[in-house]
Amino acid sequence: MAEGQDLFDAIVMADDRFRGEGYQEGYEEGSGLGIIEGRQHGTVYGAKIGSEIGCYQGFAFAWRYLLHSCATEKDSKKMKVLESLIGMIQKFPYGDPTYANLHEDLDRIRGKFKQLCSLLNVQPDFKISAEGSGLSF
């Protein structure tokens, strides 16, 4: 009778055992795919931020050259905001994705960029697309 009971228990418990094994296999596969997908998303998002910051930096360097070559007294506020933007860009933590204030610093840079554009009386159009990024006027 004990043999019959063990066979019966094995049949009844098969559902629980297969469910547990399936869960474990799915969890392991999902974890591996999650890491891959997370790395791809992080790479794309990091490239977008890097492209945006690089665009701001190129814009700032070009305007610094233009304003230095023909600086007047009325350009002093523009130069102050410009140098502030360049300083913020240079202090941005490019190599530390775990930096706690990354988004706050990025928002400050965007705000300073908008302030500079307002002072310079230019309307930039920063776009990120599949073909690449760009800043047009």
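These numbers come from a predicted model, not from an experiment.

Cut-offs and rules
Residues numbered from 1 in each chain as written. Predicted model: local features only at pLDDT ≥ 70, side-chain atom pairs only at ≥ 80, totals over all residues. Heavy atoms only, no water. UniProt positions renumbered as here; feature names shortened; annotations may be inferred. Helix = DSSP H or I, 4+ residues; strand = E, 2+ residues; numbered from the N terminus. Core = buried A, V, L, I, M, F, W, Y, C linked by side-chain atoms within 4.5 Å. Buried < 20%, exposed > 50% of the residue type's maximum accessible area, 1.4 Å probe, protein only. Salt bridge = Lys/Arg side-chain N within 4 Å of Asp/Glu carboxyl O. Patch = residues over 30% accessible without salt bridge, like charges linked within 9 Å, V, L, I, M, F, W, Y side chains within 5 Å. Areas by Shrake-Rupley, 256 points an atom, 1.4 Å probe, with all protein chains shown as cover. Lys, Arg positive; Asp, Glu negative; His and termini not counted. Charge placed at Lys NZ, Arg CZ, Asp CG, Glu CD. Phe/Tyr/Trp six-rings, centres within 6.5 Å; stacked < 30°, edge-to-face > 60°. Lys NZ or Arg CZ within 6 Å of the ring centre and 35° of its normal.

> Explain the UniProt feature "domain: Essential protein Yae1 N-terminal" (unreviewed entry) in the chain to me, using residue names and the numbers behind them.
The UniProt entry lists residues 22-60 under the feature "domain: Essential protein Yae1 N-terminal" (unreviewed entry), expressed in the numbering used here. With 100% helix and 0% strand, residues 22-60 has its two end C-alpha atoms placed 56 Å apart.

> Could you give an account of the nonpolar core, naming the residues involved and the relevant values?
In terms of nonpolar packing, the biggest core is built from 21 residues, with Ile53, Phe59, Leu82, Leu85, Phe92, Ile109 and Leu116 touching the most fellow members. Contributions of two or more residues to this core are made by α1 (2-69), α2 (76-91) and α3 (102-120). Here this core gets 7 residues from one element, more than from any other, and that element is α3.

> Quick one: what's the story with the pattern of salt bridges, residue by residue and with numbers?
Overall, the coordinates contain 5 salt bridges when judged by the stated rule. The salt bridge involving Asp16 is made with Arg19; its shortest N-O contact spans 3.8 Å. With Asp16 and Arg19 both in helix α1 and 3 residues apart, the pair spans about one turn of that helix. Taking relative accessible area as the criterion, Asp16 reaches 45% and is therefore assigned partly exposed. Residue classification places Arg19 among the exposed positions, given a relative accessible area of 53%.

> I'd like to hear about a negative patch on the surface, residue by residue, with values.
Negative charge collects at one region of the surface, where Glu21, Glu25, Glu28 and Glu29 lie side by side. Following the sequence through the fold, Glu25 ends up in helix α1.

> Tell me what's going on with the packing of aromatic side chains, and back it up with residues and numbers.
In the structure shown here, the tally under the stated rule is 5 aromatic pairs. Ring geometry for Phe92 versus Tyr94: centroids 5.4 Å apart, planes at 65°, classification edge-to-face. For Phe92, a relative accessible area of 6% corresponds to the buried category. Among the aromatic residues, those joined into a ring-pair cluster are Tyr56, Phe59, Trp63 and Phe113. One Lys or Arg, Arg17, reaches over the ring of Phe18 and ends 4.6 Å from the middle of that ring.

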